[in-house]
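# Remarks on the overall topology
Residues per chain are reported as follows:
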Amino acid sequence: MSKKPVRVAVTGAAGQIGYALLFRIASGEMLGKDQPVILQLLEIPDEKAQNALKGVIMELEDCAFPLLAGVEAHSDPMTAFKDTDYALLVGSRPRGPGMERAELLAVNGAIFTTQGKALNAVASRNVKVLVVGNPANTNAYIAMKSAPDLPAKNFTAMLRLDHNRAASQLAAKTGKAVASIEKLAVWGNHSPTMYADYRNATIDGASVKDLINDETWNRETFLPTVGKRGAAIIAARGLSSAASAANAAIDHMRDWALGTNGKWVTMGIPSNGEYGIPKEVMFGYPVTCEGGEYKIVQGIEIDAFSQECINKTLKELTDEQDGVKHLL
Ligand SMILES: NC(=O)C1=CN([C@@H]2O[C@H](COP(=O)(O)OP(=O)(O)OC[C@H]3O[C@@H](n4cnc5c(N)ncnc54)[C@H](O)[C@@H]3O)[C@@H](O)[C@H]2O)C=CC1
Ligand SMILES: O=C([O-])CC(=O)C(=O)O
């Protein structure tokens with residue numbers, strides 16, 4: 001018997017990430033090739049955006065996806081999030097050249113108060129929320145704090161693009177297949193302060209740290225390359241990353257919903273005090289997923305350099321949190 005459709009809300013559906021994301025959700029790449037979906041798409045109540053959304057919906061229809069059980073266009077989060085099982089909060093302003101993501105808080109932060117409240121009021125009580133819109137960690141924190149009736153653990157931020165970027169850099173450096181990399185972790189904020197940590201990573205069982213054996217490369221090339229990759233893409237394309245961001249969103253939700261078979265992935269999640277991070281900080285952690293739940297990888301040794309990196313990214317996050325108190 002075929003499965004009952006699940007409801008997937010996507011905000012910013014007519015934007016560039018939306019265009020790279022919706023067709024893959026509808027084709028079953030996110031929740032499985034046997035899981036029908038109803039897309040509940042949100043755009044701002046502006047004629048141009050709503051018209052663009054209509055066009056995207058026409059294209060979705062023209063794909064005749066067997067798993068697409070329905071598509072709805074919305075301009076109000078209170079209807080877009082009704083009974084939704086998954087919510088991908090993409091809609092918000094992207095940065096341009098020369099900006100840091102934190103500078104977007106002033107324009108984007110308030111979106112996540114409204115949307116958190118709407119999720120709190122009308123979404124499924126088990127809704128899984130992924131915040132993509134930048135600055136993703138603090139926007140996810142705002143949404144979580146605005147939805148006190150939903151479990152805090154249901155709110156997550158996207159660090160997966162950093163994780164995938166780090167894996168790709170390591171594959172290139174070692175000349176090995178990216179799929180063979182295990183036990184990679186990215187700690188902290190989705191910003192240049194994030195700490196991509198390959199001290200425990202393996203390739204076909206061999207230590208990546210030993211294979212590379214170059215701490216200067218780690219500190220002076222690898223970390224800045226991964227941390228500043230978003231800016232490098234903006235400089236090259238004139239627009240921020242979209243297809244790779246959509247891909248990371250699919251990876252994040254798929255792994256959360258369907259499991260990772262013991263493989264480590266990175267998710268931005270509210271801390272419960274793990275690794276000394278204060279409770280509720282939306283922090284990138286290495287996790288494994290099983291049965292629709294994520295679990296932080298425990299027992300990783302934090303050496304002096306790692307602690308220094310973690311402290312730096314934590315400080316940035318707590319400063320961002322302090323700066324949005326007026327929105328909560
Ligand atoms: N966490 C991550 O790894 C990444 C995050 N991003 C962020 O994702 C966000 C979206 O990026 P793009 O799709 O490239 O931008 P875009 O400008 O192409 O599209 C954003 C869309 O969101 C819509 N929107 C704005 N406010 C909204 C609201 N309140 N409700 C519903 N829709 C709303 C806009 O009308 C627009 O169509 C940006 O904040 C960007 O910085 C981008 C790449 C990676
Ligand atoms: O850099 C940006 O503004 C977009 C983004 O978050 C990324 O590509 O990592």
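Everything here concerns the structure above.
These remarks concern the structure in this document. The shown structure was predicted, so the numbers you read here are calculated from the model rather than taken from an experiment.

Turning next to the site of ligand 1. Surveying the vicinity of ligand 1 reveals 25 residues, the closest of which are Gln16, Glu43, Ser92, Val132 and Asn134. Take valine 132: an N or O atom from its main chain is 3.1 Å from a nitrogen atom of ligand 1. Within the side chain of histidine 190, an N or O atom sits 3.1 Å from an oxygen atom of ligand 1. Isolated, ligand 1 exposes 860 Å² of accessible area, and the fraction of that covered by the protein chains is 85%. Looking at the shell around ligand 1, the elements that each hand over two or more residues are helix 1 (16-26) and helix 4 (105-122). Residues of the shell around ligand 1, tallied by class, amount to 12 nonpolar, 11 polar and two charged.

In a structure, side chains of opposite charge can pair up when their charged atoms sit close to one another. Evaluated as defined, the whole model comprises 16 salt bridges. The partner of arginine 24 in a salt bridge is glutamate 29, and the shortest N-O contact between them spans 2.9 Å. Overall, arginine 24 belongs to the partly exposed group, its relative accessible area being 23%. Among the residues examined, glutamate 29 registers a relative accessible area of 32% and is labelled partly exposed. Note that aspartate 197 is salt-bridged to arginine 199, the shortest N-O span being 2.9 Å. Judged by its relative accessible area of 2%, aspartate 197 is buried. The exposure class assigned to arginine 199 is buried, which follows from its relative accessible area of 19%.

Turning our attention to the side chain of glutamine 40. Among the secondary structure elements, glutamine 40 is positioned in strand 2 (residues 37-42). Side chain to side chain, glutamine 40 and arginine 7 meet in a polar contact 2.5 Å long.

Around ligand 2, the neighbouring residues are Arg95, Arg101, Asn134, Leu161, Arg165, His190, Gly230, Ile234, Ser240 and Ser241. In this structure, arginine 101 approaches ligand 2 through a side-chain N or O atom, which is 2.8 Å from an oxygen atom. With respect to ligand 2, the side chain of asparagine 134 contributes an N or O atom lying 2.8 Å from an oxygen atom. Relative to its unbound accessible area of 260 Å², ligand 2 is 94% covered by the protein chains. Contributing elements (two or more residues each) for the shell around ligand 2: helix 6 (160-174) and helix 9 (229-237). Classifying every residue of the shell around ligand 2 by side-chain character gives two nonpolar, five polar and three charged.

Turning next to the environment of alanine 246. Position of alanine 246 relative to the elements: it lies in helix 10 (residues 243-258). Distance in space between the C-alpha atoms of alanine 246 and glycine 18 is 7.4 Å, their sequence separation being 228 residues. Once you skip the residues sitting within four places of it in the chain, alanine 246 turns out to touch Ile17, Ala20 and Leu21.

The N-to-C vectors of helix 1 and helix 2 (residues 47-62) enclose an angle of 30°; their axes lie 11 Å apart at closest approach. What the angle tells us is that helix 1 and helix 2 run roughly parallel. Judged by the twist between their axes, the crossing of helix 1 over helix 2 is right-handed. Between helix 1 and helix 2, the contacting residues are Tyr19, Leu22, Phe23 and Ala26 on the first element and Val56, Glu59 and Leu60 on the second. Looking at the contact of helix 1 with helix 2, its residues break down into six nonpolar, no polar and one charged.

What follows deals with the pairing of strand 1 (residues 6-11). Counting buried positions over the six residues of strand 1 gives five, a clear majority of the element. Bridge analysis of strand 1 against strand 2 gives six bridges, and the strand direction is parallel. Bridged to valine 8 within strand 2 is leucine 39. Following the chain from strand 1 across helix 1 to the adjacent parallel strand 2, one finds a crossover that is right-handed.

How each quantity is defined
- In every chain, residue numbers begin from 1 and rise along the written sequence.
- Both sets of labels track the order of writing: A upward for chains, 1 upward for ligands.
- Local features in this predicted model are restricted to residues whose pLDDT is 70 or higher, and side-chain atom pairs enter the listing and the counts only when it is 80 or higher, whereas totals over whole chains, interfaces and linings include all residues.
- Computation of side-chain values: all heavy atoms of the structure, hydrogens and water removed.
- Here a residue counts as near a molecule or strand whenever at least one of its heavy atoms sits within 4 Å of it.
- Distance and chemistry together define a polar contact, namely a pair of N or O atoms within 3.5 Å, with one atom able to donate a hydrogen and the other to accept it when in protein, and with adjacent residues in sequence counting only for side-chain atoms on both sides.
- In this description, accessible areas are obtained by the Shrake-Rupley approach with a 1.4 Å probe, and a residue is regarded as covered only by the protein chains that are shown.
- Under the DSSP-based scheme used, a helix requires at least four consecutive residues in state H or I and a strand at least two consecutive residues in state E, with every element numbered from the N terminus.
- Ten residues, namely Ala, Val, Leu, Ile, Met, Phe, Trp, Tyr, Cys and Pro, are considered nonpolar, four, namely Asp, Glu, Lys and Arg, are considered charged, and the remaining ones, Gly among them, are considered polar.
- Basic side-chain nitrogens of Lys or Arg form a salt bridge, by our definition, when they fall within 4 Å of a carboxyl oxygen of Asp or Glu.
- Think of it in three bands: with a 1.4 Å probe and only protein chains considered, a residue is buried below 20% of the maximum accessible area for its type, exposed above 50%, and partly exposed in between.
- Every residue pair with non-hydrogen atoms within 4.5 Å of one another is taken to be in contact.
- To obtain each axis, a line is fitted to C-alpha atoms, and for helices this fit is confined to the stretch in contact; angles are then taken between N-to-C directions over 0 to 180 degrees.
- For classification purposes, angles smaller than 35 degrees are called roughly parallel, those larger than 145 roughly antiparallel, those between 65 and 115 roughly perpendicular, and all remaining angles oblique.
- We call a crossing left-handed when the near helix sits turned anticlockwise from the far one by less than a right angle, and right-handed when that turn is clockwise.
- Here, a strand pair is defined by DSSP locating no fewer than two bridges between the strands.
- Note on handedness: a crossover is taken as right-handed if, strands pointing away from the viewer, the path from the first strand over the helix to the second is clockwise.

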